Amino acid sequence: MDRRYWLLVIVLALLAAGGQLLFWLTRERPGPETFAGPPRSDYTLTDFTMNALDAAGQRTFQVSGPRLSRRGDDGSIFVTTPDYLLVDGSGHPWRGTSDAAWVNQDGSLIKLQGHVEMHRAATGAGRPVDVVTRDLTTWPKDKKMETAAPATITQPGSILSGVGMRGDLNTKTLELLSDVHSTLQPKHPTRAAAKK
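In this report, the structure presented in the accompanying data block is examined. (Residues numbered from 1 in each chain as written. Predicted model: local features only at pLDDT ≥ 70, side-chain atom pairs only at ≥ 80, totals over all residues. Heavy atoms only, no water.)

**Topic: the overall build of the protein chain**
Counting its regular elements, the protein chain contains two helices and ten strands. Considering only contacts in the protein chain between residues 6 or more positions apart, those separated by 24 or more positions represent 35%. As displayed, the protein chain offers around 13,100 Å² of accessible surface, 57% of which is attributable to carbon and sulfur atoms. (Helix = DSSP H or I, 4+ residues; strand = E, 2+ residues; numbered from the N terminus. Contact = heavy atoms within 4.5 Å. Areas by Shrake-Rupley, 256 points an atom, 1.4 Å probe, with all protein chains shown as cover.)

Shown next as structure tokens:
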């Protein structure tokens, strides 16, 4: 009986050691050092204005605001409540605001986040234009923009609204993609209405 007891103890010890070894070999290993929390900024600016230029030295956009944070890992920029200026193909400015903005490292992509408003003042032959939407993605060097959100385009005498919008500022074209509604307003009151 003494021999069976020690044999049973040795078998149980080997099973326990084997189970521990199996657990250790199959455990989930932590990856490389992980960072918990928001990315740290490489630097921050307050009350700033930044101009981005293309290869020819022409301004493609300008952004200003109360706070800018640059991420060191990918060079992207986050802006709180920005005021921005985009330039169309004829050099006319489109001014606007949004709740926040993200700009990639080389300034070729801007994501205007939250509520977005844009305005182009009247130009020689062009009428003023107001655009209101959400989450607008722009490519300032290509002078293009798009959103999948509802959008409203207002010009004197007309209001267009729809879901989804694409714009090409080179050709001064704004296109609503679906569920488009139009409201046309007369430019001048009719003579009969004026007589009353």
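**Re the pattern of salt bridges**
As enumerated under the stated definition, the model contains two salt bridges in all. A salt bridge links Lys 144 to Asp 168; the shortest N-O distance between them is 2.9 Å. Of the two residues, Lys 144 sits in strand β8 (residues 144-155) while Asp 168 sits in strand β9 (residues 158-168), which places them 24 residues apart along the sequence. Residue class for Lys 144 comes out partly exposed when judged on its relative accessible area of 38%. The salt bridge involving Arg 166 is made with Glu 175; its shortest N-O contact spans 3.5 Å. Taking relative accessible area as the criterion, Arg 166 reaches 40% and is therefore assigned partly exposed. Note on Glu 175: relative accessible area 36%, which makes it partly exposed. (Salt bridge = Lys/Arg side-chain N within 4 Å of Asp/Glu carboxyl O. Buried < 20%, exposed > 50% of the residue type's maximum accessible area, 1.4 Å probe, protein only.)

**Some details on helix α1 (residues 2-26)**
Taking 1.5 Å of rise per residue, the 25 residues of α1 would be expected to cover 36 Å, and the 36 Å separating its terminal C-alpha atoms lies within 8% of that figure. In terms of burial, α1 is a largely surface element, zero of the 25 residues being buried. (Expected span 1.5 Å × (residues − 1).)

**A look at the side chain of Gln 62**
Mapped onto the secondary structure, Gln 62 falls in strand β2 (residues 59-71). At 3.0 Å, the side chain of Gln 62 forms a polar contact with the side chain of Asn 51. When residues no more than four places from it in sequence are discounted, the contact partners of Gln 62 are Thr 49, Met 50, Asn 51, Asp 83, Tyr 84 and Leu 85. (Polar contact = N/O pair within 3.5 Å; in protein donor to acceptor, adjacent residues only side chain to side chain.)

**Here we look at the packing of aromatic side chains**
Going through the model one piece at a time under the given rule, you end up with one aromatic pair. Ring geometry for Tyr 5 and Trp 6: centres 5.3 Å apart, planes at 75°, overall edge-to-face. (Phe/Tyr/Trp six-rings, centres within 6.5 Å; stacked < 30°, edge-to-face > 60°.)

**Brief notes about unusual backbone geometry**
Although it is not a glycine, Asp 47 adopts a positive phi angle of roughly 45°. Within the fold, Asp 47 resides in strand β1 (residues 41-53). Phi at Asp 179 is positive, roughly 50°, even though this residue is not glycine. Tracing the chain through its elements places Asp 179 in strand β10 (residues 173-184). Classification of Asp 179 by relative accessible area gives exposed; the value is 52%.

**With respect to the environment of His 119**
Positionally, His 119 belongs in strand β6 (residues 110-120). When sequence neighbours within four positions are dropped, the list of residues in contact with His 119 reads Pro 93, Trp 94, Arg 95, Pro 128, Val 129 and Asp 130. At a separation of 3.5 Å, a polar atom in the side chain of His 119 contacts the main-chain carbonyl oxygen of Val 129.

**Regarding the environment of Met 50**
Inspection of the secondary structure assignment puts Met 50 in strand β1. Put simply, Met 50 and Gly 65 are 15 residues apart on the chain and 9.2 Å apart in space, counted from C-alpha to C-alpha. Not counting residues within four places of it along the chain, the set of residues in contact with Met 50 comprises Phe 61, Gln 62, Val 63, Leu 68 and Ile 77.

**Comments concerning the nonpolar core**
Leu 86, Met 118 and Met 165 are the most contacted members of the largest nonpolar core, which has 25 residues in total. Looking at this core, the elements with two or more residues in it are β1, β2, β3 (77-80), β4 (83-87), β5 (93-103), β6, β7 (129-139) and β8. No other element matches β6, which puts four residues into this core. In this view, Leu 86 contacts Thr 60, Phe 61, His 92, Pro 93, Trp 94, Ile 110, Met 118, Thr 138, Pro 140 and Leu 169; residues no more than four positions away in its chain are not counted. (Core = buried A, V, L, I, M, F, W, Y, C linked by side-chain atoms within 4.5 Å.)

That's the geometry; what it means functionally is another story.
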